[in-house]
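What follows is the residue order along each chain.
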Amino acid sequence: MAGFLLIFVAASMVCVRLVIARAQPILRARVIETLSARFKSRVELADLNVWVGDGVHVEGKGLRIFGTIDPNLWEAGAQPLLEIGQFRFQTSLRSLFREPMHVDIMYVDGLVVNVPPTNRRQEIKDLRQRGQKMKISIAVDRFVCANTKLIINPARPSKPPLEFDISDLRLKDIGPGLPLRFDATLVNPKPVGAIHSTGRFGPLNEKSPRESAVAGDYSFTHADLGTLPGIGGILSSTGKYGGTLGRIEVDGQTDTPDFQIAVSGHRVPLHTDFHAIVDGTDGDTYLDPVKATVLHSSFTARGKIVRIKNPHGHDVELEVVLGRARVEDLLKLGVRTDPPVMTGVIAMRTRLSLPAGGEDIGKRLELAGNFHLPAAQFTNDKVQGRIDWLSMRSLGTNGVAEGQAEQAVTSDLKGTFTLSQGVLSFSYLHFLVPGTHADMTGKYTLDGDTFAFHGLLRLNAKLSQMTTGWKSILLKPVDPFFHKNGAGAEIPFTISGTREAPRFGLDFHYKDEHSKEDHLLEERGQAAAR
């Protein structure tokens, strides 16, 4: 009996050694055979290790699958369609000798998928169709992938590939001709943050991959806007999407409780609700619309975000409409001075352009539009005091009647403007208070350090009526020189200096030619805004 048992154990050990010795070449052949059959192309496998213990364990490294074409012309040298840094799986010993061999879960690390351009995918489709007629030696139910990179190569050579870094990806094949279910965590490069998405993709439309169905939902948390030059804040976003790969419709919302533009330095709450159409093959995004709320103001934007090659990044073009917003909210968002220089309800239309580049957003941002503030008030007491005095004198009054409270005069402002390199320029600016109106042009820096305006001031009253006593008597002889165009007095003026120390003065160098030039600039600015 002892001798029999000894012979049995020895025979068993020999069998195990034979299985281990045979498993490695069998599996290596199975892997290469399966992938070669699927893609009908060259397959490289740098290393494959097999051992037996509670089933068959397999680990491999350096798997590369090439096509007959180079899918990524952006990178030097021929790039594989699919590359895997490491993979591992486990199966039963009995499954090793079955056709096909069944694997429940395969773990993958360092997966890189190069999706060819749309105009070069027909050849890939033909290869796959030929491969489907051949035997498949390994069947995998689920894939668990770490450190995955998806590279979608555009048809236009002027565009760089669209790259997605996916830290965690789980795929489940639920049957031939049915969608592939996925659960993925993507690392968004700018702004830096994690995007978690679950959904389904497919089945793949062989004739037109752009028409393949996709649907799911996402959450984007703790996105640091500080990684984008010129802005700051922590953004979070949730939403859902659906459609086809070439036209993914996204509905979502974002919240940034501490949004900041560097040039202003003020942190304000920003909320948006948006509907976007995304081309999943090249990353171009079309916004229609975005409804945003800043403090107590809201506005609507429509436009596009397009990826470009040089400089590498995105061009943003938006049409922005403010139906009824507070000018102090907008100034707090974009201008450093605190408190804002004026308050009041504003209506505005503007074309926003943000070219790609590494400079601060405040330097790259460009605007062209028009606005109207029907009842604005200045927060600087000195400025508002001058306006109150001007309105009072132009109406021919000398002060507030006894027993009546003094009320600040509101100003009606409208104009055409552009913003470039942090300087707000007004090609046309109309200012109206009771008894006085003015047409002017000028510039204002967003940091609030400098402003310079000049124009013509038209008063109901004559110049001598703007003062009293002997000054009024001395000014009477010059009244005819300033009495023009039906106004009691028409006076050229200038405003310069800083917000803290504005300077008001006469500008006798201001000629009628300026008015003609300003009118032309106004027409051009309004055309640009339209």
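So, how was this worked out
- Residues numbered from 1 in each chain as written.
- Predicted model: local features only at pLDDT ≥ 70, side-chain atom pairs only at ≥ 80, totals over all residues.
- Heavy atoms only, no water.
- Helix = DSSP H or I, 4+ residues; strand = E, 2+ residues; numbered from the N terminus.
- Buried < 20%, exposed > 50% of the residue type's maximum accessible area, 1.4 Å probe, protein only.
- Contact = heavy atoms within 4.5 Å.
- Areas by Shrake-Rupley, 256 points an atom, 1.4 Å probe, with all protein chains shown as cover.
- Pairing = 2+ DSSP bridges.
- Expected span 1.5 Å × (residues − 1).
- Polar contact = N/O pair within 3.5 Å; in protein donor to acceptor, adjacent residues only side chain to side chain.
- Core = buried A, V, L, I, M, F, W, Y, C linked by side-chain atoms within 4.5 Å.
- pLDDT = per-residue confidence, 0-100.
- Salt bridge = Lys/Arg side-chain N within 4 Å of Asp/Glu carboxyl O.
- Phe/Tyr/Trp six-rings, centres within 6.5 Å; stacked < 30°, edge-to-face > 60°.
- Lys NZ or Arg CZ within 6 Å of the ring centre and 35° of its normal.

### Focus on the overall build of the chain
Alright, step 1. A count of helical and extended segments in the chain gives eight helices and 25 strands.
Alright, step 2. The 530 residues of the chain split such that 44% are buried.
Alright, step 3. In the chain, the share of contacts with a sequence separation of at least 24, taken over all contacts with a separation of at least 6, comes to 53%.
Alright, step 4. When the accessible surface of the chain is split by element, carbon and sulfur atoms take 58% of a total near 28,100 Å².

### Focus: the pairing of strand 12 (residues 247-261)
Alright, step 1. Pairing of strand 10 (residues 231-232) with strand 12, which is carried by two bridges, proceeds in the antiparallel orientation. Note on strand 12: the bridge partner recorded for I231 is I261.
Alright, step 2. Sheet topology places strand 11 (residues 234-244) next to strand 12; nine bridges connect them, and they run antiparallel. Bridging from a neighbouring strand, Y241 pairs with V250 of strand 12.
Alright, step 3. The turn linking strand 11 back onto strand 12 is made up of two residues.
Alright, step 4. With eleven bridges joining them, strand 12 and strand 13 (residues 267-278) adopt antiparallel strand pairing. Its bridge partner lying in strand 13, Q260 is registered against R267.
Alright, step 5. Taken together, strand 12 and the strand that follows it, strand 13, pair antiparallel across an intervening segment of five residues, in which G265 is found at a positive phi of about 80°.

### Observations regarding helix 5 (residues 381-394)
Alright, step 1. Under the 1.5 Å per step criterion, the end-to-end length of helix 5 is 20 Å for 14 residues, consistent within 8% with the ideal 20 Å.
Alright, step 2. All buried positions along helix 5 are accounted for by V383, Q384, I387, D388, L390, S391, M392, R393 and S394.
Alright, step 3. Among the structural elements, strand 19 (366-378), strand 20 (411-420), strand 21 (423-433), strand 22 (436-445), strand 23 (451-459) and strand 25 (502-506) are those in contact with the buried residues of helix 5.
Alright, step 4. One side-chain oxygen of the residue at the start of helix 5 lies 2.8 Å from the amide nitrogen of K382, identifying that residue as N380.
Alright, step 5. Directly after helix 5, the chain includes G396, whose backbone phi takes a positive value near 85°.

### A short note on the pairing of strand 11
Alright, step 1. Of the strand pairs in this sheet, strand 9 (residues 213-224) and strand 11 are connected by ten bridges, and their pairing is antiparallel. Bridge pairing in strand 11 places S219 opposite T238.

### Topic: helix 3 (residues 327-334)
Alright, step 1. Extensive coverage of helix 3 is indicated by the burial of six of its eight residues.
Alright, step 2. Inspection of helix 3 places V327, E328, D329, L331, L333 and G334 among the buried residues, and these make up the whole buried set.

### Some thoughts on unusual backbone geometry
Alright, step 1. The omega torsion across G202 and P203 is 5°, close enough to zero to call that bond cis.
Alright, step 2. Counting through the fold element by element, P203 comes out in the loop between strand 8 (192-201) and strand 9.
Alright, step 3. In this structure, P289 follows D288 across a cis peptide bond, with omega equal to -5°.
Alright, step 4. Residue position: P289 is located in strand 14 (residues 285-294).

### Here we look at the nonpolar core
Alright, step 1. In this structure, F87, M342, L352, F371, L373 and L413 are the most contacted members of the largest nonpolar core, which totals 96 residues.
Alright, step 2. When residues no more than four places from it in sequence are discounted, the contact partners of L373 are V327, M342, V345, I346, S411, D412 and L413.

### Topic: the confidence of the model for the chain
Alright, step 1. For the chain, the average pLDDT comes to 78, and 80% of its residues sit at 70 or higher.
Alright, step 2. Residue range residues 2-15 is modelled with pLDDT below 50. Its contacts to residues more than four positions away, or to other chains, number zero contacts.

### What about the pattern of salt bridges?
Alright, step 1. Tallied over the full model, the rule gives 13 salt bridges.
Alright, step 2. The partner of D168 in a salt bridge is R170, with the nearest N and O atoms 3.4 Å apart.
Alright, step 3. Between D338 and K332 there is a salt bridge; the shortest N-O distance is 3.9 Å.
Alright, step 4. On the basis of relative accessibility, which here comes to 51%, the residue D338 falls in the exposed class.
Alright, step 5. Residues participating in the shared-partner salt-bridge network are E44, R64 and E83.

### With respect to the packing of aromatic side chains
Geometry of an aromatic ring pair is reported as the spacing of the ring centres plus the angle between the planes.
Alright, step 1. Inspection of the entire model under this criterion finds three aromatic pairs.
Alright, step 2. Pairing F371 with F426 gives two aromatic rings, centres 6.0 Å apart and planes at 70°, and the pair type is edge-to-face. With F371 in strand 19 and F426 in strand 21, this residue pair connects regions lying 55 residues apart in the sequence.
Alright, step 3. Its relative accessible area of 11% is what places F371 among the buried residues.
Alright, step 4. A residue is classified by how much of its surface remains accessible, and F426, at 13% relative accessible area, is buried.
Alright, step 5. Among the aromatic residues, those joined into a ring-pair cluster are F371, F417, F426 and F453.
Alright, step 6. The ring of Y107 is capped by R88, whose NZ or CZ atom sits 4.4 Å from the centre of that ring.

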